[in-house]
Amino acid sequence: MSNQSYEDTLRKQGKVIVSLQNEIDKKDQMLMEMEQKNSDTLACVRRLIIGLVENINSKDRSLLEMECKYNESLNMVQKLMSEKDEVHGGCNKELEQMKAVNFKMNHEMECLKKELGQLNKKLEESKALNDQQQKNFIEEIQKLKSEIQDQSHVENGGDLNTQITSFKDQLKDKMEYLDLVESLYSSLIVKEHQYKQEILDARKESINSLQDMFRGRSQLGIKRMGELDPKPFQNLCLQKYSSEQWQEMSAQLCSSWEENLKNPAWHPFKTIEVNGILQEILDENDEKLKELRNECGEEVYKAVANALMEIEEYNSSARYTIPEIWNWKEGRKATLKEIIQYIIRQLKTHKRKRK
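Asks: Can you tell me about the overall build of the protein chain, naming the residues and giving the values?
Replies: Within the protein chain, the regular secondary structure consists of 7 helices and 5 strands. Listing each helix as α and each strand as β along the protein chain from the N terminus yields α-α-β-α-α-β-β-α-α-β-β-α. Across the 355 residues that make up the protein chain, the buried fraction comes to 22%. In the protein chain, the proportion of contacts linking residues at least 24 apart, taken out of those at least 6 apart, comes to 67%.

Have a look at this one:
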C-alpha cells in the first residue's frame, strides 16, 4: 500500500515536472519570439535612426546651401544698393549739369530771340531805306539827264562841261552810298542766317537729348516727319479682306507706299504763284496719287499726302524720315519756348520725387 502511494506520488510529480517542462518550453518559445521581435524592433529603430540622421544631415546641407545663397543674395543686394547710390549720385550730378545747361540755353535763346527780333527790324528798315534810296537815286538820275537834255542847246561849252562834271560827281557819291547800303544789307543777311543756324542747331540738340524723356500722355513728343501712318491702311484692309488676311495685306500695302515715298524720282509737286510769290504744292493730278485715291479712298490718300508734304519740307533730297519735337495737342511743331518749359517742368517733377 505504501508502494502504491509512492508511485502515485511519483506520477503526480512527473506530471507536475512535465507540466513545468512544457511551461518552461512555452516560456522559452515566448522569450525567443520576444527576442526576435525585440531584434526586429531594434533593427527597425536602427534603420529609423539612420534615416533620421541622414535626413538631419541633408537638412544641415540644405541649410548650409541656403545660408550660402542668403550670403550671396545679401552681397548682391549690398552691391546693387552701392551701384544704386552711385547711379543716383551720377544722376544728381547730371541733373545739376542739365539744369545749368538748360538755364544757359534758356538765357542764350532769349538773347538770340531778342537779337533776331532787332536784326529783323533793322533788316526791314534797311530794306525799306534801300528801296527808297534806290528810287530817289533813279529819280535824281532821270532828273539830271532831263536837265542835261534841256540844256544841250546851250552854246557855252564851258557851262555844259561843268554841269557834266557835277553830274558825274553826284553820280559817284550816289553809287558809293548805294554800295555802302548794299554792304550793310548783305551783312545783316549773313547775321540773320547765322542766328537762324544757331537756333536750328539748338533745336537739333534738343531733339537728340529729349528723345528718351517723352513718356505717357505728354503734350510734347517725338514725331518722325515723313513717316507713313499705318492706321488708314489697316482700316481699309479690315473692310476688304478676311480676318486671316487683312493684317498681311495692310502691311504689304503700307510698305509699298513707304518705298514710293523714298523714291527720289517720284516728285508729285507743282509750282504756282500766290500774290507774286512762287509756292510748291502737291499735284493732285499725279497719276499715282489719282490711282491711290480711286482704289484706296480719301483716308489713305490723305495719309500719303501728309507724309509727302512732311518729307518734302524736312528732307526732300534724301527722302528719309526726320525726328521732330511735336505738339500733339495742337498738331504742330513745338516751339523752342515750349521745349524749354517742358524741360523745366520735368526738372521740377524730378526734384519733388527726390524729396
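Asks: Which residues make up the packing of aromatic side chains, and what values go with them?
Replies: Aromatic rings considered in pairs are described by the distance between their centres and by the relative angle of their planes. Applying the stated criterion across every chain, the model contains 1 aromatic pair. Here the guanidinium or amino end of K223 rests over the ring plane of W326, the centre of that ring lying 5.5 Å away.

Asks: Tell me about the pattern of salt bridges, and name the residues and values.
Replies: Enumeration over the complete set of coordinates arrives at 5 salt bridges. Between R293 and E298 there is a salt bridge, and its shortest N-O distance comes to 3.1 Å. R293 sits in the partly exposed class, given a relative accessible area of 28%. One connected set of salt bridges, linked through shared partners, spans E330, R332 and E338.

Asks: Summarise the side chain of E312; cite the residues concerned and give the values.
Replies: Within the secondary structure layout, E312 lies in helix α6 (residues 298-315). Setting aside its immediate chain neighbours within four residues, E312 contacts H267, F269, E280 and R319.

Asks: So what's going on with the packing of helix α3 (residues 231-240) against helix α4 (residues 246-262)? Residues and values would help.
Replies: Viewed as axis vectors pointing N to C, α3 and α4 meet at an angle of 140°, and their least axial separation amounts to 8 Å. Classified by the interaxial angle, the pair formed by α3 and α4 is oblique. Crossing geometry of α3 relative to α4 is assigned as right-handed. From α3, F233, Q234, L236, C237 and L238 reach across to α4, where they touch W246, M249, S250, L253, C254 and W257.

Quick notes on the rules
- Residue positions are given per chain, counting from 1 as you read along its sequence in written order.
- Local features in this predicted model are restricted to residues of pLDDT 70 or higher, and side-chain atom pairs are both shown and tallied only at a pLDDT of 80 or more, whereas totals for entire chains, interfaces and linings draw on every residue.
- Processing note: side-chain calculations cover all non-hydrogen atoms of the structure and skip hydrogens and water entirely.
- A helix here means a DSSP run of H or I that spans at least four residues, while a strand means a run of E at least two residues long, and both kinds are numbered starting from the N terminus.
- Accessibility here uses a 1.4 Å probe with only protein chains present; expressed as a share of the type maximum, an area under 20% marks a residue as buried, one over 50% as exposed, and anything in between as partly exposed.
- Any two residues whose heavy atoms approach within 4.5 Å at even a single point are treated as in contact.
- Within 6.5 Å between ring centres, the rings of Phe, Tyr and Trp (the latter by its six-membered ring) count as paired, and their orientation is classed by plane angle as stacked under 30 degrees, edge-to-face over 60, tilted in between.
- Only when the NZ atom of a Lys or the CZ atom of an Arg is both within 6 Å of the ring centre and within 35 degrees of the ring normal do we say a charge sits over the ring.
- Each salt bridge in this description consists of a side-chain nitrogen of Lys or Arg and a carboxyl oxygen of Asp or Glu lying within 4 Å of one another.
- Note on geometry: axes are lines fitted to C-alpha atoms, helical ones only across the stretch in contact, with angles between N-to-C directions running from 0 to 180 degrees.
- Convention used here: angles under 35 degrees read as roughly parallel, angles over 145 as roughly antiparallel, angles from 65 to 115 as roughly perpendicular, and any remaining angle as oblique.
- Here is the rule for handedness: rotate from the far helix to the near one, and if that takes an anticlockwise turn smaller than a right angle the crossing is left-handed, while a clockwise turn gives right-handed.

Nothing here speaks to function; it is all geometry.
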